[in-house]
Structures are given as structure tokens and as C-alpha cells.
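Chains, contacts and geometry: an overview
Here are the chains, one letter per residue:
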Amino acid sequence: MKYMLIAGEASGDLHASNLISSLRQFDPDAEFRFFGGDLMAKAARCRPDVHYEMMNVMGFSEVIRKLPRILRNLKAAKRLVREFRPDVLILVDYPSFNLKLAAYARSLGIRVDYFISPKVWAWKEYRVRKIKKYVSHLYSILPFEVAFYKKHGYTVQYVGNPSVQEIDYALGHLPPRRHFVDRQGLADTEKPIIALLPGSRKGEIRNNLPMMIEAARRFPDFQYVVGAAPAVPEKFYREVAQDPGLQVVFGATPTLLKYSQAAIVTSGTATLETALIGTPQVVCYRGNGNRITYKLMEKLLKVRYVSLPNLIVGNSIVPELLLHLCTPDTIARELAPLLQNSPRREWQVSGYKTMRRRLGNSVASDFVAELITDSLCTGAVRDAAPEEMSDAGKENPVEEPAGKDAPVRKPRRHRRRRNAEGDLPPRDRDAGQPRDPERKPEQAQERKPGQTPGRKPAQKQEGRAPRERRDARPADGVAGRDSEAVMADDK
């Protein structure tokens, strides 16, 4: 089979690379073309058609400045879809770009699947209409998204969260603390650590890192260490921090978090990873905003929380300091009780356990690869227009998990097949009752005067064969529906 994938940022590159590796296990002859990064290139054993570094933009002003490049990338993606003609186009988050490409692919009759839903439950909810129209299957990595889409009359499959396996793997390969401290060249081998995670984009780092450092300095018994993003050079961190003694760690953020007493984390996927590791945290997001911006965002956002741990649990387990509420004073106030044994610290750790239980243990990439390859190979999914299959009574290949927590696989339902004579086999209720070849259908009763009008009996036309009985389900199976930071990750 031929697969085309689109990932527009570093996190999408990571998750899509795992999916490519899983697809190879189920389909050894798979062919891949993709927009993505180095991890996807390693898994697919070929270079990306466009690297995500040429696609990743943030903020309205940056979109305007780089609009010609964005349009060139979209044109290149459409050309690749048209020439490569994949059996399925798999989109990974990155909604502004991907939904436009989904519309084009569907116009060519190409099936579109979505791995990792856009954050439409937070804002831009109108995008749900496009997802229902163009996307055949949506594979969710957040359990609360199932109920959200169900409210919109669209069924999605929760497949587990990729961060669970990534963090479990990292925790299983941790070096001893002393080795970590020595290898990273930290100033004090015994002093407890406050981890600072200012984000993965330069704009986030510029807005959040100085306040994080100022807040951490108020605890002289601790040393603060920055967990750096791989695509941002160390020089940039030092220019922003204006701190000659700044300690920066590359490529070891899970280890840093594990050996930290607490963390200050910019809202995003890092909040979920910090929670999975079990480190208490203060979530912050300064951004370019003031009190008026905050009030405006309150009106635009459709959710009570913005950090993933709070959204998954449905309760405030980690403090969120956004925009004008994010100051060195407020950060220090929320951080202080987390640096020692306290009810606040115990509350977070307890909430983390609830979150972990709700995420389940399914390996997301393996589950998605199995669903995709199974449906492609068995023909269980038709590429009919998804809107036609969204009416009540039509089946969708994915459904909400039976329980609240772990994802479940839906057992296949097989249609009845006709025999060589064109007859349908008996249903279970008719089992053991041989069909009488001489049996004729009952004649429709004539309507009597005064009788309530009913359905007229079918009139037999000369020269026309009687209409054959059809199965209620399509011949080739049932089609699926066309199918963190909340404030920063939405493109």
C-alpha cells in the first residue's frame, strides 16, 4: 500500500515516525512519501519532500510574513497527492494546512485519515464541520475528545497517548543521578533542582524564560536548570536569559524532570510529559498579552482549563498562570508548596495517578497502524463521501471506548454473503429451517372502501425482471465518516 503523511512540527515528526515504523510491521511492502522531519526520514528510509522546518510558523504576524512559503508548500503537497495517489493520506495535527489538503485529496477520491486531532475543543470549533466532511477516520490521543466529537454527531477512536510509551521508555533507561549531574556539568551535585521548561518555540522562550528564572532565584537552596528544545541553539537561551551561569540541558529533559523537586513548565505537551514522570509543576504561559487579552481569550476558549493534565482529569490538579497572571510573584507563590511535602504536592501526585489511569496502556502507533492496514487490506471501509455515511443508523468503523479509560478495539461485523445462486443465507433466527423453493410471497391485500390508505402493492411490469433483495449494508463494507498548548500549538 501507498501512504502519504503530513506533519508540520517537531512533535508531529516524532509521533508520525512511530506510526511509520508500526505501519511497516503490518505492511512490509509499504511505500511512503511525506512532509516531516528527520525522525520520519529515518523510519521511512527516504528523505521528506518538504522538511517541517520550512512549514512551522507561529502567530498571525509570522503567518503573514511567510505566506508565500506556506502557499508553495500547499501547492507542493497537492502536486504530491495528485502524482503519488496514496491509498490513504494521514494527517498529523497542523490543522490550518492539513484541512485544506484534506479537501483537495477528497476531491480526488483519496481517503483521508487524521492522527492526533486539532484542538477544536478549545477554539475554532467550526473546524469540526470540515473534519466531518473530509476525514474518514480520526484517531484521538486524548480520551475526553471522544465525548466532544460525539456531541457533534461524529464518532472517533481513542487509541491511547503516544507520550505514555515515550515516557515509560525514557524512565526505563534513566542513568543514576550522579552520572546525569556529572555528564551535564551541573554546578552542584547535591543541590536539589528546579526544572525550567520554557517551550519549544523562540517566541515562547523569549516570553517565559526570564520570569521563570526570576521566580526560581527566590529559592536559594535550589539550583535551576533549563530543559532545552533540540531545534533551539544554546546561544539563544543565554541571550534571552542574560544569566552567565545559566545551566542548560539538551536531549535529557525526562531525566532532568525525574531528578527535579518541581518544575515550571510552559503550557503545552510538556505539561503532560511532566505529569507522566510524576514531577509537581506550575504551568505558565506569558505570551504577548495583558488583562484585556486575557478576557478576550476567556471568551474565545471553549474549555475551563488549558493544560493537558487538568483537561484529562477534568479538575484543577496543576496551577495555570496565563498572560498577565503569569508573573515572578505568582509563579513563586505557587511553586513554594511544591518544593516540600505539603497537601498541594500530594494533591498533584494523586491527580497524576488518575490521569495516567485514564490514558490507558494502548500503544497508539501500533493501534492506528492496525486499524489503517486492516481496513485497507480487507476493504472494510469504502471511500464514499463521509457526509453520506453520517446519518443515524449508519455504522462508523470506530466508536467510543466501552470504559472511561483505556481504548478498546471494536470487533469486526461481517455481512452476509450471497451464495452461487444469488440467495442470502438464513439469519440466526432461521437457522435449521430449510428454505421452501415452492414458497411464494404473500399477495398484498386489496384496499377496501373506507380502509385507511396503506402501501400500494408493487405492480409487476412486463419485460422487467423482479427486483432482487439487497443486503442492508454496502457490498464493500461500511464507510467511515468524513471524517499544548491550547494557546500555542494551534496553527
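Presented here is a report on the structure given in the accompanying data block. The structure displayed is predicted, hence computed values, not measured ones.

1. Regarding the sheet that holds strand β9 (residues 223-228)
Taken together, the 6 strands give an open sheet; going across it, the order is β10-β9-β8-β11-β12-β13, and neighbouring strands pair in parallel fashion. Across the chains shown, the open sheet's two edge strands, defined by having one partner strand only, are β10 (248-250) and β13 (320-322). Strand-to-strand, the axes of this sheet are offset by a mean angle of 25°, without reference to chain direction. Strand direction decides the pairing type here: β9 and β10, joined by 3 bridges, are parallel. If you follow V226 over to β10, its bridge partner there is V248.

2. Looking at the pattern of salt bridges
For the structure on display, the rule yields 12 salt bridges. The partner of R356 in a salt bridge is D168, with the nearest N and O atoms 3.4 Å apart. Of this pair, R356 sits in helix α17 (residues 343-359) while D168 is found in helix α8 (residues 162-171), placing the two residues 188 residues apart along the sequence. In this structure D168 comes out as partly exposed when scored by relative accessible area, which is 41%. A salt bridge links E214 to R218; its shortest N-O distance comes to 3.8 Å. Connected through shared salt-bridge partners, E9, R201 and E204 make up one network.

3. Observations concerning the nonpolar core
Y3, L5, L101 and F115 are the most contacted members of the largest nonpolar core, which has 98 residues in total. I194, L196, C284 and L335 belong to the second largest nonpolar core, which has 33 residues in total.

4. Let's talk about the packing of helix α13 (residues 269-277) against α17
In a pair of packed helices, the angle between the axes and the distance between the axes together describe the arrangement. With their axes 9 Å apart at the nearest point, α13 and α17 run at an angle of 105° to one another. Comparing the axis directions of α13 and α17 gives the class roughly perpendicular. Together, L272, T274, A275 and L276 of α13 and Y352, M355, R356 and L359 of α17 make up the contact between the two elements.

5. Details of α8
Three or more residues of α8 are buried, namely P162, S163, V164, E166, I167 and A170. On its buried face, α8 is in contact with α1 (10-26), β5 (111-115), α12 (253-258), α13, α17 and α18 (364-378). With a side-chain oxygen positioned 2.9 Å from the backbone nitrogen of S163, the residue opening α8 is N161.

6. Describing the pairing of β5
With 5 of 5 residues buried, β5 lies mostly within the body of the structure. Side chains R111, D113 and F115 of β5 all project onto a buried face; the interleaved residues V112 and Y114 project onto the opposite face, where all are buried too. As judged from the 5 bridges shared by strand β4 (residues 88-92) and β5, these two strands associate in the parallel manner. Within the sheet, the bridge partner assigned to L91 lies in β5 and is Y114. A crossover links β4 with its parallel partner β5, the connecting element being helix α5 (residues 95-107), and its sense is right-handed. As defined by bridge partners, β5 adjoins strand β6 (residues 137-140) across 3 bridges and the pair is classed as parallel. Bridge assignment links D113 to a residue of β6, and that residue is H137. Handedness of the crossover joining β5 and β6 through helix α6 (residues 127-134): right-handed.

7. Observations concerning the sheet that holds strand β7 (residues 157-158)
Across the sheet, 7 strands lie side by side as β3-β2-β1-β4-β5-β6-β7; this open sheet has parallel pairing. The outermost strands of the open sheet, each flanked by one partner alone, are β3 (50-51) and β7. α5 rests against β1 (2-7), β2 (31-36), β4 and β5 of the sheet, and its axis sits at about 160° to β5. Relative to the sheet, α18 contacts β1, β4, β5, β6 and β7, its axis offset from that of β5 by approximately 170°.

Rules and cut-offs
Residues numbered from 1 in each chain as written. Predicted model: local features only at pLDDT ≥ 70, side-chain atom pairs only at ≥ 80, totals over all residues. Heavy atoms only, no water. Pairing = 2+ DSSP bridges. Helix = DSSP H or I, 4+ residues; strand = E, 2+ residues; numbered from the N terminus. Axes fitted to C-alpha atoms, helices over the stretch in contact; angles between N-to-C directions. Salt bridge = Lys/Arg side-chain N within 4 Å of Asp/Glu carboxyl O. Buried < 20%, exposed > 50% of the residue type's maximum accessible area, 1.4 Å probe, protein only. Core = buried A, V, L, I, M, F, W, Y, C linked by side-chain atoms within 4.5 Å. Parallel < 35°, antiparallel > 145°, perpendicular 65-115°, else oblique. Contact = heavy atoms within 4.5 Å. Polar contact = N/O pair within 3.5 Å; in protein donor to acceptor, adjacent residues only side chain to side chain. Right-handed = clockwise from strand over helix to strand, strands pointing away.

Honestly, it's all geometry; don't read function into it.
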